[in-house]
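# Structural characterization, general
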Amino acid sequence: MSLGLLTVCVVGSGGREHALAHTLAETAAVVACPGNPGIAAEGIECTAGAPEEVVADLFVIGPEVPLVDGLADRLRARGRLVFGPGADGARLEGSKEWMKEVVREAGVPTARSAAFGEGEEGAALGFLRTLPGLYVVKTDGLAAGKGVLVTESIDEAHDDVRAKLSGAAFGPAGRRVVIEEGLSGPELSVLAVCDGNGGVAILPPAQDHKRLGDGDRGPNTGGMGALSPVPGVGRDLETLVAEKMVAPTLDVLARRGIDYRGVLYAGLMGTPEGPKLLEYNVRFGDPECQVVLPRLQGDVAGLLHEAASGHLRTGFRTEDDACVCLVLASEGYPEAPVSGRPITGIDEAAATDGVTIFHAGTAAAPERRGGLVTRGGRVLDVVARAASLGAARDLAYRAAALIAFEGKHHRSDIAAEAARWHKP
């Protein structure tokens, strides 16, 4: 289907939005709001104005916060076409308690859980004691991917519940918590493009590395790296996710009068009893987006335009190659990231064949005559494409070594295990 040259506004400023702008610009005119220095360096217009002030054929909203705040609703009220759910559908990410309610109604396999608020610390401890020994404590509200504790210590779980319910840990977002039984197995991320009328396109699965340190140790982060394809994951699992998770969830939302148009991100765990849902997010994953989009062949802008219009017809093909994303983070991330550190070597890394650098947290430094400094926790995404995960992983690490800023750190084991099993 030919739509002519669309104008697409990508809302957001991180690595996910850079990947979206980069990909959509292959077949559409793109403006980013507000964008970042890396997007601007590609010749894509960036505007500091409000999204409502932008004129575009399609709006693609990247981050979860504006979705939960109802930006898609405000844009649609102005007659704009939007890829992203309204505030009602965005509650799937904005409230983990509500998400669990929807999932139970849909019959989606998931971990046993219960929610607790202020004044219910005793009841929360009682529920913790009923769990088999691996405890998960989540903020009910948004916490930028950092509001999750996974521990084998009931005392640590109890302390975390107390800190969250008191507001000491995450403020209002943590004053209600969801406690779950811990699940064991490999994690998997599946992104579904939904058109609000039953049309669904399942994108290539990816795998994220959320813990800060090697060996999946340390605190949870927004994501320290990702890979796609995921060894051992075939069409059978994609079909299962589409038919047993995504479709029943969309049916429940429709029964509740919710028109869900956008990405439904299913975070899964492959347990001995089969795949179970860990969480739903309502936008492209970050950094999963950075390894999924480069593997898509076809008109991605047209695909999202059709989904936003409620008539998903255009298909896509998936490249046979592999992508690995390595996140370079600031000193102090995730608790207290340090900003303002000069960055060197980006151009050299980007010149490496098969490597793309997406900016996640950078800022211009006028005093350095066009130089860049760190701004925030996750600074750069080094994305490499090659015939196998092993080759892509090697390429990503070689390119990352060319980039320098004080306090730079990254995991050394991104895609290491998967690379052993993936052959081109």
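Residues numbered from 1 in each chain as written. Predicted model: local features only at pLDDT ≥ 70, side-chain atom pairs only at ≥ 80, totals over all residues. Heavy atoms only, no water.

## Re helix α9 (residues 235-255)
Given a rise of 1.5 Å per residue, 21 residues ought to cover 30 Å, and the 29 Å separating the end C-alpha atoms of α9 matches this to within 8%. Helix geometry: α9 is bent most strongly at A242, by close to 30 degrees. When we look at burial in α9, the residues that qualify are L237, E238, V241, M245, V246, P248, T249, L250, V252 and L253. Where α9 is buried, its residues contact α5 (87-94), α6 (96-106), β10 (187-195), β11 (200-202), β16 (261-271) and β17 (274-281). Where α9 ends, the next residue or the one after it, G257, has phi of about 80 degrees, a positive value. (Helix = DSSP H or I, 4+ residues; strand = E, 2+ residues; numbered from the N terminus. Expected span 1.5 Å × (residues − 1). Bend = angle between axes of the 7 residues up to and from the residue. Buried < 20%, exposed > 50% of the residue type's maximum accessible area, 1.4 Å probe, protein only. Contact = heavy atoms within 4.5 Å.)

## A closer look at unusual backbone geometry
The omega torsion across C33 and P34 is 0 degrees, close enough to zero to call that bond cis. Here P34 lies in strand β2 (residues 29-34). In this chain, S228 is followed by P229 through a cis amide linkage whose omega measures 5 degrees. Along the polypeptide, P229 turns up in the loop between β15 (225-228) and α9. Of note, the phi angle at D216 is positive, near 55 degrees, even though the residue is not glycine. Mapped onto the elements of the fold, D216 is located in the loop between β13 (211-213) and β14 (217-220).

## Let's talk about the nonpolar core
The biggest cluster of nonpolar side chains holds 71 residues, and the ones touching the most others in it are L92, Y280, V382 and I403. Aside from chain neighbours lying at most four places away, what touches L92 is W98, M99, V102, L253, Y260, L264, Y280 and V282. Ranked by size, the runner-up nonpolar core spans 41 residues in total, among them L20, I44, V60 and V193. (Core = buried A, V, L, I, M, F, W, Y, C linked by side-chain atoms within 4.5 Å.)

## Here we look at the sheet that holds strand β25 (residues 378-386)
In spatial order, the strands read β12-β15-β20-β25-β22; together these five strands make up an open sheet with antiparallel pairing. Whereas interior strands pair on both sides, the edge strands pair on one side only; in this sheet they are β12 (207-208) and β22 (355-359). Packing against the sheet, helix α13 (residues 389-400) makes contact with β15, β20 (322-329), β22 and β25, and its axis sits at approximately 30 degrees to β20. (Pairing = 2+ DSSP bridges. Axes fitted to C-alpha atoms, helices over the stretch in contact; angles between N-to-C directions.)

## Some points on the packing of aromatic side chains
When we look at a pair of aromatic rings, we describe it by the centre distance and by the angle of the planes. Counted under the stated rule, the structure contains two aromatic pairs. Summarising the aromatic geometry, the rings of F116 and F127 are spaced 6.0 Å apart at their centres and angled 50 degrees between planes, so their arrangement reads as tilted. Here F116 is found in strand β6 (residues 113-117), whereas its partner F127 is found in helix α7 (residues 121-128), with 11 residues between them in sequence. On the basis of relative accessibility, which here comes to 13%, the residue F127 falls in the buried class. (Phe/Tyr/Trp six-rings, centres within 6.5 Å; stacked < 30°, edge-to-face > 60°.)

## Details of the environment of S412
Among the structural elements, S412 can be located in the loop between α13 and α14 (416-419). By relative accessible area, S412 is classed as partly exposed at 39%. Along the primary structure S412 and L326 are separated by 86 residues, whereas in three dimensions their C-alpha atoms are 9.0 Å apart. Setting aside residues no more than four positions away along its own chain, S412 makes contact with D214, R393 and Y397. Polar contacts involving the side chain of S412 include one to the side chain of D214, which spans 2.3 Å. (Polar contact = N/O pair within 3.5 Å; in protein donor to acceptor, adjacent residues only side chain to side chain.)

## Examining the side chain of D140
Relative to the assigned elements, D140 resides in the loop between β7 (135-139) and β8 (148-151). Among the polar contacts made by the side chain of D140, one reaches the main-chain amide nitrogen of E97 at a distance of 2.8 Å.

## Considering the side chain of R411
For R411, the location among the structural elements is in the loop between α13 and α14. Relative accessible area serves as the criterion here: at 2%, R411 is assigned to the buried category. Here the side chain of R411 touches G213 through a polar contact of 3.3 Å, landing on its backbone oxygen. Here the side chain of R411 touches D216 through a polar contact of 3.1 Å, side chain to side chain. Discounting chain neighbours no more than four positions away, the residues touching R411 are H209, R211, L212, G213, D214, G215, D216, M224, L326 and Y397.

## Some details on α13
The end-to-end C-alpha separation of α13 is 16 Å, in line with the 16 Å expected for 12 residues at 1.5 Å each. Most of α13 sits inside the fold, with nine of its 12 residues counted as buried. Considered for burial, the residues of α13 that qualify are L389, G390, A392, R393, L395, A396, Y397, A399 and A400. Turning to α13, the residues buried within the fold contact β15, β20, α12 (346-350), β22, β25 and α14.

## Considering the sheet that holds strand β21 (residues 342-343)
Across the sheet, three strands lie side by side as β21-β24-β23; this open sheet has antiparallel pairing. In the strand order of this sheet, the two ends are held by β21 and β23 (362-365), each with one partner. Pairing geometry for β21 and strand β24 (residues 371-374), over two bridges, is antiparallel. Considered in β24, the bridge of I343 is made with L372.

## Some points on the pairing of β7
With five of five residues buried, β7 is to be regarded as a mostly interior element. Burial along β7 is two-sided: the residues Y135, V137 and T139 and V136 and K138 are all buried. As defined by bridge partners, β7 adjoins β8 across four bridges and the pair is classed as antiparallel. Pairing of V137 across the sheet is with L149, part of β8.

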